[in-house]
Amino acid sequence: MTTAAHRTPYFLGIDGGGTGCRARIEDAEGTILGQGLSGPATTRLGIAEAWASISRAFDAAIEEAGLGAPDIARIHAGVGLAGIGRKGALDALKAIEHPFASVDFVSDGEGACLGAHSGRDGAIVIAGTGSIGLGLVEGRQLRVGGYGFPISDEGSGAYLGLKAVQLALRANDGREQKTALLAEMMQRFQNEPMEAVAWMDRASATDYATFAPMVLRHADQGDAIARRIVQSAAGHVDTLVRSLFDKGAPRVCLLGGLASPLEPWLAPDVRRRLKPIDGDAVSGAIILAKRSVCQD
C-alpha cells in the first residue's frame, strides 16, 4: 500500500549561471537533503552543454540526499538559467527527457528575484560582471538595462574596468591626470598603449571586470579618478533602482558581486529604500518548483 510519506514530493532548485551551477534538494518542510555544484550553465555554451552542467549539479545533490529512482520520480524541479531568452532555448530545454515529476524553467534573473522576495512581488538590481534591473509585479515582468556590454550594463564590473582602461590611456597621452590607479592600469599593459589595444581586440566583459577590484581598492584609498569612476557606476545603479520603483516595484534588493562594495556609494534615498534579500536564486528556483505542485 502506498503511504502518504511515499507520495510526498521533493523539490529541486537549480541556479545555472555563467560562472557556475548550484543545485539543492529540499523536502516539503524545507529541510535541505542534498546539494551539488558544477561548472558554467548558460545557453550561450549551447543547450547540450548547459543541460550537462545542470545534470552534474543535480546528480551530486541527489547522491548526497541518498535518493533512489522512486524518490527521483517525485522530484519537482525549478531551473533558473542564464541565457534562457535566446531564440529557441526554452523549447529546446523543455524537449529534453528527464526523470522528474516536473521541470519548470525561468531566467536566472527571475529565479533570483523569486528568491529575494520569497515569491512575492518585487524587483532586484544585479550588479556583477554585468548589470540589470528585473522585477515581477502583478504578473508583469519589469526590465531595465542589461542589454550586454559594452552597449549597456552600466555600473557593472565590466563598466568599471572599461572606464579605468579608457582613462589610463588618456593619462598616458597627457589628456588626464595620472593617478595611482591609472599608473597601475598602464603597468598591466607594460606602459604600452598598443598592448592595451591588442588586449582589447580579444577582451570580453569578464576580462574588463577583472579590473573592478583594483578600481574599488584605489577608490577606498582616496584616488580621485577611481572615486570618480565608482561614483559614476553607483549613479547608474541608483538609476536602475529608482526606475524599478517608478515602474511599480514595491520593494527592491541589490544583488551581485558588486552589491556590497557599491552600496556605500549609492545615494542616501536609494540606500534607505533597498531591502535585504529573503533567499538566494536556488531558493527562487525551489519556489518555482513548488508552484507546479500547487497548480496540479
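Since the structure is predicted, the reported quantities are computational estimates derived from the model, not experimental observations. Residue positions are counted from 1 within each chain, in the order its sequence is given. Totals for whole chains, interfaces and linings use all residues, but because this is a predicted model, local features are given only for residues with pLDDT of at least 70 and pairs of side-chain atoms are given and counted only at 80 or more. Side-chain figures throughout are based on the complete set of non-hydrogen atoms in the structure, without hydrogens or water.

A. Here's a closer look at helix H11 (residues 224-246). Compared with an ideal rise of 1.5 Å per residue, which puts 23 residues at 33 Å, H11 spans 32 Å between its outermost C-alpha atoms and is within 8% of the ideal. Sitting at the head of H11, Asp 223 places a side-chain oxygen 3.1 Å from the backbone nitrogen of Ile 225. Numbering of helices and strands runs from the N terminus, with a helix taken as a DSSP run of H or I at least four residues long and a strand as a DSSP run of E at least two residues long. Trailing H11 by a residue or two, Gly 248 shows a phi angle of about 110°, which is positive. For a helix, the expected span equals 1.5 Å multiplied by the residue count minus one. Any N or O atom pair separated by 3.5 Å or less is treated as a polar contact, with the protein-specific requirement of one donor-capable and one acceptor-capable atom, and with residues adjacent in sequence counted only for side-chain atom pairs.

B. Broad picture of the side chain of Ser 152. The topology assignment puts Ser 152 in the loop between strand E8 (140-144) and helix H6 (157-173). A 1.4 Å probe rolled over the protein chains alone gives each residue an accessible area, and that area as a share of the maximum for its type sets the label: buried under 20%, exposed over 50%, partly exposed in between. According to the relative accessible area criterion, Ser 152 is buried, its value standing at 6%. Beyond its immediate sequence surroundings of up to four residues, Ser 152 is in contact with Gly 145, Gly 146 and Tyr 147. Should any heavy atoms of two residues lie within 4.5 Å, those residues are counted as being in contact.

C. Region of interest: the sheet that holds strand E5 (residues 102-107). Taken together, the 5 strands give an open sheet; going across it, the order is E3-E2-E1-E4-E5, and neighbouring strands pair in mixed fashion. Each having just a single partner strand, strand E3 (32-38) and E5 make up the two edges of the open sheet. Across the sheet, the axes of successive neighbouring strands diverge by a mean angle of 15°, strand direction being ignored. For two strands to count as paired, DSSP must find a minimum of two bridges between them. Inspection of the sheet shows strand E2 (residues 21-26) paired to E3 by 6 bridges, in the antiparallel sense. Bridging from a neighbouring strand, Glu 26 pairs with Ile 32 of E3. Here the axes come from fitting lines to C-alpha atoms, over the contacting stretch only for helices, and the angles between their N-to-C directions go from 0 to 180 degrees. Each of strand E1 (10-16), strand E4 (75-81) and E5 touches helix H5 (residues 108-116); the most contacted strand, E5, lies at about 100° to it.

D. Spatial organisation of the nonpolar core. Residues belong to a common nonpolar core when they are buried Ala, Val, Leu, Ile, Met, Phe, Trp, Tyr or Cys residues joined through side-chain atoms within 4.5 Å. Membership of the largest hydrophobic core comes to 51 residues, with the highest contact counts inside it found for Leu 160, Leu 181, Met 185 and Val 252. In contact with Met 185, other than residues within four places in its own chain, are Ala 164, Val 165, Ala 168, Phe 211 and Met 214. Grouped together as the second largest cluster of nonpolar side chains are 24 residues, Leu 12, Cys 21, Ala 61 and Val 103 included.

E. Just helix H7 (residues 180-188), in detail. For H7, the full list of buried residues reads Leu 181, Leu 182, Glu 184, Met 185 and Met 186. Residues of H7 that are buried make contact with H6, helix H8 (193-202), helix H10 (212-220) and H11. Looking one or two places after H7, you find Gln 190, whose phi comes out positive at around 55°.

F. Main features of the side chain of Glu 176. Turning to its location among the elements, Glu 176 is positioned in the loop between H6 and H7. Its relative accessible area of 19% is what places Glu 176 among the buried residues. With near-sequence residues (within four places) excluded, Glu 176 lies in contact with Leu 167, Arg 170, Ala 171, Leu 182, Ile 225 and Arg 228.

G. Fine view of the packing of H10 against H11. With their axes 7 Å apart at the nearest point, H10 and H11 run at an angle of 115° to one another. Relative to H11, the crossing made by H10 is left-handed. Contact residues: H10 offers Val 215, Leu 216, His 218 and Ala 219, while H11 offers Ala 226, Arg 227, Ile 229 and Val 230. Throughout this entry, Asp, Glu, Lys and Arg are counted as charged residues, while Ala, Val, Leu, Ile, Met, Phe, Trp, Tyr, Cys and Pro are counted as nonpolar. The remaining residues, Gly among them, count as polar. Here the residues of the contact of H10 with H11 are counted per class, giving 6 nonpolar, 1 polar and 1 charged. We call a crossing left-handed when the near helix sits turned anticlockwise from the far one by less than a right angle, and right-handed when that turn is clockwise.

H. Expanded view of the packing of H6 against H11. Following both chains from N to C, one finds H6 and H11 inclined at 145°, their axes separated by 10 Å at the closest point. Our pair here, H6 against H11, has a crossing hand that is right-handed. Across from Tyr 159, Leu 160, Lys 163, Ala 164 and Leu 167 in H6, the residues of H11 making contact are Ile 225, Arg 228, Ile 229, Val 230, Ser 232, Ala 233 and His 236. Of the residues belonging to the contact of H6 with H11, the class tally is 8 nonpolar, 2 polar and 2 charged.

I. Molecular detail of the pairing of E5. Both E4 and E5 contribute to a ladder of 6 bridges, which runs parallel. Looking across to E5, one finds that Val 79 is bridged to Phe 105. With its strands directed away from the observer, a crossover is right-handed exactly when the path from the first strand over the helix to the second travels clockwise. Traced from E4 through helix H4 (residues 89-94) to E5, the parallel crossover comes out right-handed.

J. Inspection of the pattern of salt bridges at higher detail. Here a salt bridge means any side-chain nitrogen of Lys or Arg lying within 4 Å of a carboxyl oxygen belonging to Asp or Glu. Counted according to the given criterion, the structure contains 12 salt bridges. A salt bridge links Arg 120 to Asp 278; the shortest N-O distance between them is 3.5 Å. Remark: Asp 278 occurs in the loop between helix H13 (268-273) and helix H14 (281-295) and Arg 120 occurs in the loop between H5 and strand E6 (122-127); sequence separation between them is 158 residues. Look at Arg 120 and you get partly exposed, because its relative accessible area is 41%. We note a salt bridge from Lys 275 to Asp 278, for which the minimum N-O separation is 3.4 Å. If you follow the salt bridges from partner to partner, you end up with Asp 15, Arg 22, Arg 24, Glu 26 and Asp 280 in one network.

K. Here's a closer look at unusual backbone geometry. In this chain, Phe 149 is followed by Pro 150 through a cis amide linkage whose omega measures 10°. Take Pro 150: it is sitting in the loop between E8 and H6. With a phi close to 50°, Glu 138 is a non-glycine residue in the positive phi region. Examined against the element boundaries, Glu 138 turns out to sit in the loop between strand E7 (131-137) and E8. Look at Asn 191: it is not a glycine, yet its phi comes out positive at around 60°. Following the sequence through the fold, Asn 191 ends up in the loop between H7 and H8. Accessibility expressed as a relative area gives 44% for Asn 191, which makes it partly exposed.

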